[in-house]
Amino acid sequence: MPIDLVSRSDSAGRTDRLSRQHLRRRGGLSRRDAVVAVMAGGLVGEIGAQAPMPLFDAHIHYSHDAWEVVPPKQAAAILRQAGLRGALVSSSDDEGTQKLLAEAPDLIVPELRPYRTRSDLSGWVRDEGIVRYLEQRLSRHRYVGIGEFHLYGDDAELPVPRRMVALARERSLLLHAHSDADAVARLFRQWPEARVLWAHSGFERPEKVRELLRQQPRLWCDLAFRSDHASNGRIDAAWREAFDEFPGRFMVGTDTFTPERWHYIAPHASWSRGWIETLPRAQAEAMAWRNAEAMLGRKTA
Ligand SMILES: [Zn+2]
């Protein structure tokens, strides 16, 4: 957990307590109503203050060990309380995504991860069984994309990843790649019309991310599990240049790669709002949810 996220959630907790007291002092509201009001709106200050900016979280996993700890009903409640209007979800294995989708079909946008268990993460590129798994799931359920998968360098040329790209291509699915810049370029060489979501922006510096975005007009970037782009509600200068140059290509994500990370979804959402809301309104909305929904071809209100 990045340090500034932790301190941010602490201060958010204090703000919630303060605003609950404030609501009660203003009269008319019972303690319970005040708590409900704060939980429902996450509002700070006055009753009727603006609702928090909706967010689309583009990087959620709900793998087998997560749904044992956080059952689907509770998981859906966590996403709603975080003020999310959508979440791109993939899981090892896919059963977790299906459980969550059944619980919150209005919220969950399913993508298919090529992993049957967490341990497939390292060996999947050479495992023929992955192709059969993908084919079987794709014939049974609907998805917007394949990913998040881990793929580096010339591993992208191996038969299994190539077959995965072909399966995505047959169905016009998004590719969600946890990759280096080399593998991203190779994916586009295999399928020039692909839409690729670059997980964690490749953990690259913003200068390098901009370079790749200039080369690839159908590349988007999530900012999951990184915190170098903002601290204390301020956007880092080099990242700000990237956001200004490509206002339509970035989006936020939490990355719940372990079950405990599910409890960071709401703190992460409020941390994200903290810096997103320093941007001009249109740019902020793009970053918060419009870019993700445009990338996914969802109709936005
Ligand atoms: Zn991930």
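Being a predicted model, the structure only gives us computed values, none of them experimental.

Parameters at a glance
Residues numbered from 1 in each chain as written. Predicted model: local features only at pLDDT ≥ 70, side-chain atom pairs only at ≥ 80, totals over all residues. Helix = DSSP H or I, 4+ residues; strand = E, 2+ residues; numbered from the N terminus. Buried ≥ 20, exposed ≤ 12 C-beta atoms within 10 Å, placed from the backbone. Contact = placed C-beta atoms within 7 Å. Core = buried A, V, L, I, M, F, W, Y, C linked by C-beta atoms within 7 Å. pLDDT = per-residue confidence, 0-100. Pairing = 2+ DSSP bridges. Axes fitted to C-alpha atoms, helices over the stretch in contact; angles between N-to-C directions. Parallel < 35°, antiparallel > 145°, perpendicular 65-115°, else oblique. Left-handed = near helix turned anticlockwise from the far one by under 90°. Nonpolar A, V, L, I, M, F, W, Y, C, P; charged D, E, K, R; others polar. Right-handed = clockwise from strand over helix to strand, strands pointing away. Arc of directions from axis to C-beta.

Colleague: How would you explain the overall build of the protein chain if you had to name every residue and give the values?
Modeller: Scanning the protein chain for helices and strands turns up 13 helices and 10 strands. Buried positions account for 41% of the 301 residues belonging to the protein chain. Put simply, of all contacts in the protein chain between residues at least 6 apart along the chain, 67% involve residues at least 24 apart.

Colleague: Would you mind going over the nonpolar core in detail, with residue names and values included?
Modeller: The biggest cluster of nonpolar side chains holds 76 residues, and the ones touching the most others in it are Ala177, Val196 and Trp198. The greatest single-element share of this core, amounting to six residues, is contributed by helix α13 (residues 281-295). Contact partners of tryptophan 198, with chain neighbours within four places excluded, come to Ala177, Val184, Leu219, Trp220 and Cys221.

Colleague: Can you break down unusual backbone geometry residue by residue, with the values?
Modeller: Keep in mind that most residues, glycine aside, have a negative phi and that most peptide bonds are trans. In this chain, serine 92 is followed by aspartate 93 through a cis amide linkage whose omega measures -5°. For the bond running from glycine 147 to glutamate 148, omega is -10°, close enough to zero to count as cis. Looking at the element boundaries, glutamate 148 is found in strand β4 (residues 145-151). Phi is positive for histidine 200, which is not a glycine, with a value near 60°. A residue is classified by how many C-beta atoms lie within 10 Å of it, and histidine 200, with 19 of them, is partly exposed. With a phi close to 70°, aspartate 255 is a non-glycine residue in the positive phi region.

Colleague: With reference to specific residues and values, describe the confidence of the model for the protein chain.
Modeller: Chain-level statistics for the protein chain give a pLDDT mean of 87 and a share of 83% at 70 or above. Note that pLDDT drops below 50 for residues 1-48; the model gives that stretch 46 contacts with residues more than four away or on any other chain.

Colleague: Could you give an account of the sheet that holds strand β5 (residues 174-179), with specific residues and numbers?
Modeller: Across the sheet, which stays open at both edges, the eight strands sit in the order β1-β2-β3-β4-β5-β6-β7-β10 with parallel pairing between neighbours. The open sheet has two edge strands with one neighbour each: β1 (55-61) and β10 (250-251). Sheet topology note: the strand β3 (residues 108-112)/β4 ladder contains two bridges and is parallel. In the strand pairing of β4, leucine 112 is matched with isoleucine 146.

Colleague: Which residues make up the packing of helix α7 (residues 128-140) against helix α8 (residues 159-170), and what values do they have?
Modeller: Contact geometry for α7 and α8: axes closest at 9 Å, N-to-C directions at 15°. Taken as axis vectors, α7 and α8 run roughly parallel relative to one another. Where α7 crosses over α8, the handedness of that crossing is right-handed. Between α7, through Glu128, Ile130, Val131, Leu134, Glu135 and Leu138, and α8, the contact on the second element is made entirely by Val160, Arg163, Met164 and Leu167.

Colleague: Which residues make up the packing of helix α4 (residues 72-81) against helix α5 (residues 95-103), and what values do they have?
Modeller: Packing of α4 against α5 leaves a shortest axis separation of 9 Å and a crossing angle of 70°. It follows that α4 is roughly perpendicular to α5 by the angle criterion. α5 is crossed by α4, and the crossing has right-handed handedness. Of the residues in α5, those touching α4 at Pro72, Lys73, Ala75 and Ala76 are Lys99, Leu100 and Glu103. Here the residues of the contact of α4 with α5 are counted per class, giving four nonpolar, no polar and three charged.

Colleague: Describe the pairing of strand β2 (residues 84-90), listing the residues and the values that go with them.
Modeller: Residues in a regular strand point their side chains to alternate faces of the sheet. The element β2 is extensively covered by neighbouring structure, given that seven of its seven residues are classed as buried. When β1 meets β2, the two strands line up parallel, connected through five bridges. Looking at β2, one finds that leucine 55 is bridged to leucine 84. As paired elements, β2 and β3 share three bridges and run parallel to each other. Paired with alanine 87 across the strands is isoleucine 108, a residue of β3. On the question of chirality, the crossover connecting β2 to the parallel β3 by way of α5 is right-handed.

Colleague: Help me get a handle on α5, residues and values and all.
Modeller: For α5, the set of buried residues is Gly96, Thr97, Leu100 and Leu101. Across the axial projection of α5, the buried residues extend over an arc of 130°, all falling on one side. Buried residues in α5 make contact with α3 (64-69), α4, β2 and β3.

Colleague: Can you explain the pairing of β3? Please cite residues and give values.
Modeller: Most of β3 sits out of view: five of its five residues are buried. Alternating residues of β3 divide into Ile108, Pro110 and Leu112 and Val109 and Glu111, and every residue in both groups is buried.

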